[in-house]
Amino acid sequence: VAWYIVTFFCAVILNFFLPRLMPGDPIGQIVSEATAGMTDASAIQKVQQQYIERFGLDKSYIEQFFIYVGNLLKGDMGTSFSQYPRTVSDIISTSVPWTLALQIPSIIVGWFIGNLLGAVAAYLRGAFDKVIMPVSMFMSNMPAFGMALIMLYFFAVKLKVFPSGGGYGFDLIPAFTGEFILSLLHHWVAPFISIVLITI
């Protein structure tokens, strides 16, 4: 429990300080979009100052950090710089269903494949076990994003079994319609079935 608490605090500290130590000016980007077409330098500077105060960047890092932790404890993760004016909570809440839709099938398939291969390797032993063990060790040490790119290229680009991107067709608007539901089935159920069939 103590280790988890230390890890949590380290993550909070890094999450706060790393973006502030990176080069670049996110406020400048927001201000340039908000003041597009304006030519009065003093007006632009005033808008920039308003955004700096709105995000609390006119305070010291220590003050900002304690405000950040206080807001975090209340469940307020602030406003996104990259997707302004959306809140971070809104971005996370819209991403959670897609994350679960990816993770749950992969965990289920991985559990079945792992147990099946483990049982077969224990039963047959010999050459099969000597092949499965090194291959499994190699695969488990490969970065997930690297394997994802290889699988995406092989199954989406070459075999065209999977969609190459997105949770639904780019030409569709999310709605409770037959067309949208069929698109979801194509993008989620078909690849899941394909994984199972390929594995078998």
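Everything discussed here concerns the structure shown above.
Residues numbered from 1 in each chain as written. Predicted model: local features only at pLDDT ≥ 70, side-chain atom pairs only at ≥ 80, totals over all residues. Heavy atoms only, no water.

## Regarding helix H2 (residues 26–34)
Phase 1 of the analysis: Three or more residues of H2 are buried, namely Ile27, Ile30 and Val31. Considered in projection along H2, the buried side chains sweep an arc of 100 degrees and stay on one side of the axis.
Phase 2 of the analysis: Lining the buried residues of H2 we find helix H3 (41–54). (Buried < 20%, exposed > 50% of the residue type's maximum accessible area, 1.4 Å probe, protein only. Helix = DSSP H or I, 4+ residues; strand = E, 2+ residues; numbered from the N terminus. Arc of directions from axis to C-beta. Contact = heavy atoms within 4.5 Å.)

## Thoughts on the nonpolar core
Phase 1 of the analysis: Residues Ile27, Ile30, Val31, Val47, Tyr51, Ile52 and Phe55 constitute the largest nonpolar core, which totals seven residues.
Phase 2 of the analysis: Among the secondary structure elements, those contributing two or more residues to this core are H2 and H3. (Core = buried A, V, L, I, M, F, W, Y, C linked by side-chain atoms within 4.5 Å.)

## Brief notes about the pattern of salt bridges
Phase 1 of the analysis: What the rule picks out here adds up to two salt bridges.
Phase 2 of the analysis: Where lysine 59 meets aspartate 58, a salt bridge forms, and the shortest distance between an N and an O atom there is 4.0 Å.
Phase 3 of the analysis: Between aspartate 90 and arginine 86 there is a salt bridge, with the nearest N and O atoms lying 3.0 Å from each other.
Phase 4 of the analysis: Note on aspartate 90: relative accessible area 32%, which makes it partly exposed.
Phase 5 of the analysis: Classification of arginine 86 by relative accessible area gives partly exposed; the value is 31%. (Salt bridge = Lys/Arg side-chain N within 4 Å of Asp/Glu carboxyl O.)

## Topic: the side chain of glutamine 64
Phase 1 of the analysis: As for its position among the elements, glutamine 64 is in helix H4 (residues 61–73).
Phase 2 of the analysis: Owing to a relative accessible area of 6%, glutamine 64 belongs among the buried residues under this scheme.
Phase 3 of the analysis: Setting aside chain neighbours within four positions, we find glutamine 64 in contact with Phe16, Arg20, Gly56, Leu57 and Lys59.

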